[in-house]
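Descriptive structure summary
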Amino acid sequence: MQWLNIYFEILIDHFETHGLIIDKFIGDGVLGYTVLGEEGDPASLINQTTRSLLKFYDKVHSMTENMASYNLTKISIGIGAQFGEVVIGLVGSKSKRQYTIVGDPVNQASRFEGLCRRFSTDFIVSEPIFDRLLNNETKELFEVAEAVQIKGIDEPMNLYVRTVRDRIRSTG
């Protein structure tokens, strides 16, 4: 529990600093999102959010290196990111309600995160996100993976994974 609280402290601080919203904790994971206002630019939000998540990964990596020096278990994280329309509101029954975010992009991002081990990566983004990355430096951090059949989606989806080359560069 000690490392989990340290991890969540870093995560919450980072999310609050960078305008990311935490919907809920799911075990040792988190469901987070950003909101595009009516006048907002999707590409700008996607680029800002992607860069922020890459910085978050670097913070967590530094933390896990320090944990190893104290004989605490190193952790690894996986990030799945998708873009699209969702619904935010109260769900549940009379006896139990919860404010949350739902929709296909939420389910897909969760499934992408679950594929990180399969692709030996820590960050997977969808094609709509990759296509909107404006900065070539950020875009070069990802490479196309095989098209993947995602539960609930009729056609296989092209996914983009953070490259091994970038992970080596960011870790030292």
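No experiment lies behind these values; they were computed from the predicted model shown. (Residues numbered from 1 in each chain as written. Predicted model: local features only at pLDDT ≥ 70, side-chain atom pairs only at ≥ 80, totals over all residues. Heavy atoms only, no water.)

**Quick word on the nonpolar core**
The cut-off we apply is this: Note on terminology: a nonpolar core comprises buried Ala, Val, Leu, Ile, Met, Phe, Trp, Tyr and Cys residues joined through side-chain atoms within 4.5 Å. The cut-offs for exposure are 20% and 50% of the maximum accessible area for each residue type, with area from a 1.4 Å probe on protein chains only; residues under the lower value are buried, those over the upper are exposed, and the others partly exposed. Labels follow the DSSP assignment, with helices taken as runs of H or I lasting at least four residues and strands as runs of E lasting at least two, numbered in each case from the N terminus. For this analysis, residues touch if any pair of their heavy atoms sits within 4.5 Å.
With 26 residues, the main nonpolar core has Y7, V60, I77, F123, V125 and F142 as its most contacted residues. Among the elements of the structure, α1 (2-17), α2 (42-69), β3 (79-81), β6 (123-126) and α4 (127-132) are those that each provide at least two residues to this core. Top contributing element to this core by residue count: α2, with eight residues. With residues up to four places along the chain from it excluded, the contact list for F123 reads T50, L53, L54, I79, A81, C116, F142, Y160, V161 and R162. Within the second largest apolar cluster, 11 residues are counted, among which are L115, I150, L159 and V161.

**A word on the pattern of salt bridges**
Two side chains carrying opposite charge are able to pair once their charged atoms lie near each other. The criterion, for reference: Salt bridge, as used here: a side-chain nitrogen of Lys or Arg that lies within 4 Å of a carboxyl oxygen of Asp or Glu.
Counted by the stated rule, this structure contains four salt bridges. Taking the shortest distance from any N to any O, the salt bridge between K24 and D23 comes out at 3.0 Å. On the accessibility criterion, D23 (15% relative accessible area) is buried. Across the pair R162 and D58 runs a salt bridge whose closest N-O atoms are separated by 3.9 Å. Pair noted here: R162 is in strand β8 (residues 157-162) and D58 is in helix α2, with a separation of 104 residues, a long-range link. One network of salt bridges, in which partners are shared, links D58, D122 and R162.

**Brief notes about the packing of aromatic side chains**
This is how the line gets drawn: Within 6.5 Å between ring centres, the rings of Phe, Tyr and Trp (the latter by its six-membered ring) count as paired, and their orientation is classed by plane angle as stacked under 30 degrees, edge-to-face over 60, tilted in between. Note on criteria: charge over ring means Lys NZ or Arg CZ within 6 Å of the ring centre, with the direction from the centre no more than 35 degrees off the ring normal.
Considering all chains together, one arrives at six aromatic pairs under this definition. Aromatic side chains F130 and Y160 sit 3.9 Å apart centroid to centroid with 5° between the ring planes, which places their arrangement in the stacked category. With a gap of 30 residues between them, F130 in helix α4 and Y160 in strand β8 connect regions that are remote in the sequence. Taken as a pair, F130 and Y160 share a single burial class, namely buried. What links up through ring pairs into an aromatic cluster is the set Y7, F8, F15, F25 and F56. Between the NZ or CZ atom of K139 and the centre of the ring of F130, over which it lies, the distance is 5.0 Å.

Read these as layout, nothing more, since geometry by itself doesn't imply function.
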